[in-house]
Amino acid sequence: MSEGILSVQNMSVSYGSIHAVKNISFEVQEGEIVTLIGANGAGKSTTLNAIARLLPASGEIRFAGDSLMHVPGHAVLKKGLAMVPEGRRIFLRMSVEENLEMGAYITPRSSMQEQMEDVFRRFPRLEERRSQIAGTLSGGEQQMLAMGRALMSKPKLLMMDEPSMGLAPILVEQIFGIIRELNAAGTTILLVEQNAQAALSVADRGYVMETGRIVMSGKAEELLASPAVKKAYLGG
Amino acid sequence: MIEFIKTLISGLGLGSIYALIALGYTMVYGIAKMLNFAHGDVIMVGAYAGIVAFTSAGLPPVFTVFLSVAACTLLGVLIERFAYKPLRGASSLSVLITAIGMSYLLQNLALMIFGSQQQAYPQYVKLPSVTLGGITIDGITLLTLGVTALIMIGMSLFINRTRLGKAMRAVAEDRGAAELMGISVDKTIALTFAIGSALAAVASICYGLTYVYIKPTTGAMPGIKAFTAAVFGGIGSIPGAMLGGIALGVIEQMAKTYISPLWADAIVFAVLVLVLVIRPTGLMGKEVQEKV
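Residues numbered from 1 in each chain as written. Chains lettered and ligands numbered in written order. Predicted model: local features only at pLDDT ≥ 70, side-chain atom pairs only at ≥ 80, totals over all residues. Heavy atoms only, no water.

1. Focus: the overall build of chain B
What counts here: Secondary structure is summarised from DSSP: a helix means a run of H or I of at least four residues, a strand means a run of E of at least two, and numbering begins at the N terminus for each. To get the radius of gyration, use the C-alpha atoms; to get the globule rule, take the number of residues to the power 0.38 and multiply by 2.2 Å. Accessible area is worked out with a 1.4 Å probe on protein chains only. A residue is then buried under 20% of its type maximum, exposed over 50%, and partly exposed in between. Any pair of residues with heavy atoms lying within 4.5 Å of one another is described as a contacting pair.
Within chain B, the secondary structure is distributed over 11 helices and four strands. Against the 2.2 N^0.38 benchmark of 19 Å for 292 residues, chain B shows a C-alpha radius of gyration of 19 Å, consistent with a compact globule. With the C-alpha coordinates aligned to their principal axes, the bounding extent of chain B is approximately 60 × 45 × 35 Å. The proportion of buried residues among the 292 residues of chain B is 50%. Within chain B, contacts between residues separated by at least 24 positions form 74% of all contacts whose residues are at least 6 apart in sequence.

Right, dumping it as structure tokens:
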């Protein structure tokens, strides 16, 4: 396989003396949806945070041909790598519109309005609530805002950490529908999920993480059919 | 009645100075999550800068003002860069101790350079007092009120309307998420110190023109009172700092006039304790509700 848009080689991440991620390697090819699945505490979120340069890591992380190892956290977005973090982390005291503006902080002001219209087309609910304070939105709306905010800079690769967390099944379906649409429109996606069933059903490929290591990888349908994955993550 | 109105106006003047200083405390707290106890001493440095520029160097008033603001802004940025930035990620106690140390360092440097004798701040702005309905108001007090009002309007617009101001609010709310937006947390914190210190310079000018005498510990008391004002208004809240500063100044002057000058400070701090018992987050403090 050629080097993908994102390439992680022998990456380890430690918090003090705890090795949260141990020497993992994986690739994401342009145009793919790749998912990292695994139980709570397997190191999935740590992996995403390290790629986004919010956590120090050792090893090598390459994005679109360049190493990210010496890129500060705030400069990662400029390279075309955006993240919807775990727990959404929208700015609760700012309005919906201001949150989206922050998503476009690095893009020229002239293209911001156009990009915001684009996000509103995808999430009409956000347009209805554009001047509402983000902290007063429902959970599903907050997730849409977090995704919309990450899309404001037109990223090449969008990393999403547990977008289904805490949402009703109908909303989960809607969010995964949007992930498919984004991918069809050309955005490469790296998705972290505990909801392995939903994640594998949208993904092209998947990696299974367990206690900081990648223990299995393959095409999504192969993983869905694998007895080991079924037993551990799909409830039998 | 005339006495009451006069006391109120001088309270508003004093409160304006507290508010300008409190803004620096509250912005730094909100964005850098630290208490910069050296902030009061930046005012002292600003006042000495005014003395050096006008009295010693003979510069015109406009340049004196400019030089004071420039000196304080630079000092604030340097303090952050060399004393606080290396401690980013250290325990908040280490940062607090460093801030207290920085405060003493500035006071003692001033003591070495300017000596312990108090010096007169040059009265390079002379304004006639205004008499309205039998009440005479000092020109400098009116100037202080006007300048503070303009700064507060300007700060509100900056924080709420500009991209940079919104980025500051984003960093205050969630540093990690702000980094994900491409906002440099380091630059934002440096900018916060620059703005806070520039406001301290303005406070030093108003203070010098009103109270005249400057010594190395001049910044300590207004500093601690402005910190009180920031907590009183709800630390981290910009309107809170404005309101807290004004309220504190008015309470202090009222206590001086109607109770006793000796008791004024005790009353000011007692009011703080009372407010915090009733509303632990301060007058405008935010109780954040997180939705998961």
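Having seen the model, we can carry on.
2. Describing the interface of chain A and chain B
Threshold: The term buried area refers to how much accessible surface (probe radius 1.4 Å) is lost by two components on association, counted for both of them together. The rule for a salt bridge is simple: a side-chain nitrogen of Lys or Arg has to be within 4 Å of a carboxyl oxygen of Asp or Glu. Distance and chemistry together define a polar contact, namely a pair of N or O atoms within 3.5 Å, with one atom able to donate a hydrogen and the other to accept it when in protein, and with adjacent residues in sequence counting only for side-chain atoms on both sides. Three categories are distinguished: nonpolar for Ala, Val, Leu, Ile, Met, Phe, Trp, Tyr, Cys and Pro, charged for Asp, Glu, Lys and Arg, and polar for the others, with Gly belonging to the last.
Each partner contributes to the interface: chain A provides 31 residues, whereas chain B provides 24 residues. With both chains or domains summed, chain A and chain B bury close to 2600 Å², and 56% of this area falls on carbon and sulfur atoms. Contact with chain B buries area across many residues of chain A, yet H74, R93 and Y105 of chain A alone supply 28% of it, more than any other trio. Residues R89 of chain A and D174 of chain B are paired through a salt bridge, measuring 2.8 Å at the closest nitrogen-oxygen approach. In this assembly, chain A and chain B are joined by nine residue pairs in polar contact (both at pLDDT 80 or more). Looking at the side of chain A that touches chain B, the elements with two or more residues in it are α2 (96-103), α3 (109-122) and α5 (139-151) of chain A. Element by element, the count of residues in the side of chain A that touches chain B is highest for α2 of chain A, at four residues. For the side of chain A that touches chain B, the residue count by class is 16 nonpolar, eight polar and seven charged.

3. Describing the sheet that holds strand β7 (residues 157-161) of chain A
Residue and element names in this part refer to chain A. How we decide: DSSP-based pairing: two strands are paired if at least 2 bridges between them are found. A fitted line through C-alpha atoms serves as each axis, taken over the contacting stretch for helices, and the angle formed by two N-to-C directions is quoted from 0 to 180°.
With mixed pairing, the six strands of this open sheet are ordered in space as β6-β7-β8-β3-β9-β10. The open sheet has two free edges, formed respectively by β6 (81-84) and β10 (213-219), since each of these has just one partner strand. Between one strand axis and the next, the sheet turns through 15 degrees on average, direction left out of account. Sheet topology note: the β6/β7 ladder contains four bridges and is parallel. Looking at the pairing, V84 lines up with M160 of β7. Along the sheet, helix α6 (residues 169-184) contacts β3 (33-38), β7 and β8 (188-193); its crossing angle with β8, the most-contacted strand, is approximately 155 degrees.

4. Considerations on unusual backbone geometry
Unlike most non-glycine residues, N23 of chain A shows phi in positive territory, near 55 degrees. Here N23 of chain A is to be found in strand β2 (residues 18-28). You will see that V212 of chain B, though not glycine, has its phi angle at about 65 degrees, which is positive. Residue placement: V212 of chain B occurs in the loop between α8 (185-211) and β4 (213-214).

5. Describing the pairing of strand β1 (residues 6-15) of chain A
Consecutive side chains along a regular strand alternate between the two faces of the sheet. All names here are of chain A. Where β1 meets β2, seven bridges bridge the pair, whose relative direction is antiparallel. Bridge pairing in β2 places M11 opposite I24. Counting the residues between successive antiparallel strands, the hairpin from β1 to β2 contains two residues, one of them, G16, with a positive phi of roughly 60 degrees. When β1 meets strand β4 (residues 58-63), the two strands line up antiparallel, connected through five bridges. When the sheet's bridge partners are listed, S7 is paired in β4 with R62.

6. Looking at the sheet that holds β2 of chain A
All names here are of chain A. Read across the open sheet, the four strands follow the order β2-β1-β4-β5; overall the sheet is antiparallel. The outermost strands of the open sheet, each flanked by one partner alone, are β2 and β5 (66-67). The sheet contact formed by β4 and β5 spans two bridges and is antiparallel. For R62, the partnering residue across the bridge sits in β5 and is S67. Relative to β1, helix α1 (residues 44-51) is tilted by about 110 degrees, and along the sheet it contacts β1, β2 and β4.

7. Thoughts on the packing of helix α3 (residues 61-84) of chain B against helix α4 (residues 92-114) of chain B
Residue and element names in this part refer to chain B. Applied cut-off: If an angle is under 35 degrees, it is roughly parallel; if it is over 145, roughly antiparallel; if it lies from 65 to 115, roughly perpendicular; otherwise it is oblique. Two helices cross in a left-handed way if the nearer one is turned anticlockwise from the farther one by less than a right angle. They cross in a right-handed way if the turn is clockwise.
At a closest axis distance of 11 Å, the pairing of α3 and α4 adopts a crossing angle of 130 degrees. When the axis of α3 is compared with that of α4, the two are oblique. As α3 packs across α4, the resulting crossing turns out to be right-handed. Contact residues: L75, I79, A83 and Y84 in α3; T98, A99, M102 and L106 in α4. In terms of residue class, the contact of α3 with α4 is built from seven nonpolar, one polar and no charged.

8. Observations regarding the pattern of salt bridges
Summed over all chains, the structure comprises 18 salt bridges over all chains. The partner of R122 of chain A in a salt bridge is E181 of chain A, with the nearest N and O atoms 3.5 Å apart. Taken together, the residues span a long stretch of sequence, with R122 of chain A in helix α3 and E181 of chain A in helix α6 at a distance of 59 residues. In this structure E181 of chain A comes out as partly exposed when scored by relative accessible area, which is 45%. Here D265 of chain B and K225 of chain B are joined by a salt bridge, their closest N and O atoms 2.9 Å apart. Taken together, the positions of D265 of chain B in helix α11 (residues 264-278) and K225 of chain B in helix α9 (residues 220-233) put the pair 40 residues apart, joining distant regions of the chain. By sharing partners, the salt bridges in this structure join E80, K85, R88 and D186 of chain B into a single network.

9. Considering the nonpolar core
This is how it is decided: The term nonpolar core refers to a set of buried residues drawn from Ala, Val, Leu, Ile, Met, Phe, Trp, Tyr and Cys, joined through side-chain atoms within 4.5 Å.
Counting residues in hydrophobic clusters, the biggest one holds 111 residues, and the most contacted among them are L6, F26 and L190 of chain A. Judged by nonpolar contacts, the second largest core, of 48 residues, contains L145, A146, I178 and A220 of chain A.

10. Focus: the packing of helix α1 (residues 2-32) of chain B against helix α2 (residues 39-56) of chain B
Residue and element names in this part refer to chain B. Packing of α1 against α2 leaves a shortest axis separation of 10 Å and a crossing angle of 135 degrees. Between α1 and α2, the interaxial angle falls into the category oblique. In terms of crossing hand, the pair formed by α1 and α2 is right-handed. Counted together, I21, G24 and Y25 of α1 and H39, G40 and I43 of α2 form the full contact between these two elements. Taken together, the residues of the contact of α1 with α2 break down into three nonpolar, three polar and no charged.

Function-wise, these values are silent; they only describe arrangement.
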